[in-house]
Amino acid sequence: MIVLSNNQSKPGIGRFFGVQREIYIALENSPEIHQYESMHELLFDILLRENIIKAARLMHASAIEFAPFATSRFNPRIWRRTRYGYLLDSSVLPSDAIRDVFINSREYAFECTTAVVLIFYKAVLDSISVSRFNTLFQGLLVWDWNYDYDLSIITKKGRNFIPGDVVYFYNPDYDHPVWTGENAVYLGGGMFFGQGIGMETEAGMIRALNTLRKKGATRDAYLISQHSRLNVKYLSQFAKRPLSFA
């Protein structure tokens, strides 16, 4: 349920359309309390989630390939490979580097966790001012769950997923360590996107992971009771402009 501080009135559902409408309904119908200090903070959450979904769909439509670290690649004109991941060249703006992943997608190959972090960065870039983004995210190092402190990812237990949340499908009898599981963005409408599998329903994700188990496997993959999301309270202060219905 959506709760605004100081007894502020919630916006009516008629103010929202498309993906934003689905996000609003999910927040309002959730058994979890979604507390916001202001209308700006609520609207920023909806905008940010919409941009997460857009970035996930954009990645799905891109030429980015799936790869473990050993065979991964990032555009060498922008990123330098280290033993811990890919480090942004100091001469390149963070905003340009994140955009390049989606524009020059043939230059990139990585796995699902890295995909999630890059989707989060792209969504934040599209939701806050570019100058603030470049100030916050200098010296980016990207791979697996390496991310800047200011990205502010929160992970919670529970299955009260809201569109724009990231979930995890665990594959206990995996064949190769890269298929231990799949981090996926919940797109709404019962659909998920995970790098390497693509867009699927929950059942489709599980079917795909079940083909990536060791010989003689007996345990199915499954969606765990956990979700990750961005810290809206923190990030909303960097929005391009105050958000309201006024």
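Residues numbered from 1 in each chain as written. Predicted model: local features only at pLDDT ≥ 70, side-chain atom pairs only at ≥ 80, totals over all residues. Heavy atoms only, no water.

In the annotation of an unreviewed UniProt entry, the entry for the protein reads Protein-glutamine gamma-glutamyltransferase, and the organism field reads Cytobacillus oceanisediminis.

The end-to-end C-alpha separation of helix α1 (residues 18-29) is 17 Å, in line with the 16 Å expected for 12 residues at 1.5 Å each. Every buried residue belonging to α1 is among Ile-23, Tyr-24 and Leu-27, and all of these are buried. Viewed along the axis of α1, the buried residues span an arc of 100°, placing them on a single side of the element. Across α1 from its buried face, at more than 90 degrees, point the exposed residues Gly-18 and Asn-29. (Helix = DSSP H or I, 4+ residues; strand = E, 2+ residues; numbered from the N terminus. Expected span 1.5 Å × (residues − 1). Buried < 20%, exposed > 50% of the residue type's maximum accessible area, 1.4 Å probe, protein only. Arc of directions from axis to C-beta.)

With that out of the way, let us pick up the environment of Ala-203. Take Ala-203: it is sitting in helix α6 (residues 202-210). Classification of Ala-203 as partly exposed rests on a relative accessible area of 40%. Residues Ala-203 and Ile-153, 50 residues apart in the sequence, show an inter-C-alpha distance of 26 Å.

Let's shift gears to the packing of aromatic side chains. Using the criterion set out here, one finds 16 aromatic pairs in the structure. Here Tyr-121 and Phe-137 contribute two aromatic rings whose centre-to-centre distance is 5.3 Å and whose plane-to-plane angle is 80°, an arrangement assigned as edge-to-face. One end of the pair, Tyr-121, is in helix α4 (residues 112-125); the other, Phe-137, is in the loop between α5 (130-136) and β7 (141-142), and 16 residues separate them in sequence. When the ring of Tyr-186 is compared with that of Phe-192, the centres are 5.0 Å apart and the planes differ by 40°; the resulting orientation is tilted. Taken as a pair, Tyr-186 and Phe-192 share a single burial class, namely buried. Through a chain of ring-to-ring contacts, the aromatic side chains of Phe-69, Phe-74, Trp-79, Tyr-86, Tyr-108, Phe-110 and Trp-143 assemble into a single cluster. Note that Arg-81 overlies the ring of Phe-69, its terminal NZ or CZ placed 4.1 Å from the centroid. The residue whose ring lies beneath Lys-122 is Phe-102, and the NZ or CZ to ring-centre distance is 5.6 Å. (Phe/Tyr/Trp six-rings, centres within 6.5 Å; stacked < 30°, edge-to-face > 60°. Lys NZ or Arg CZ within 6 Å of the ring centre and 35° of its normal.)

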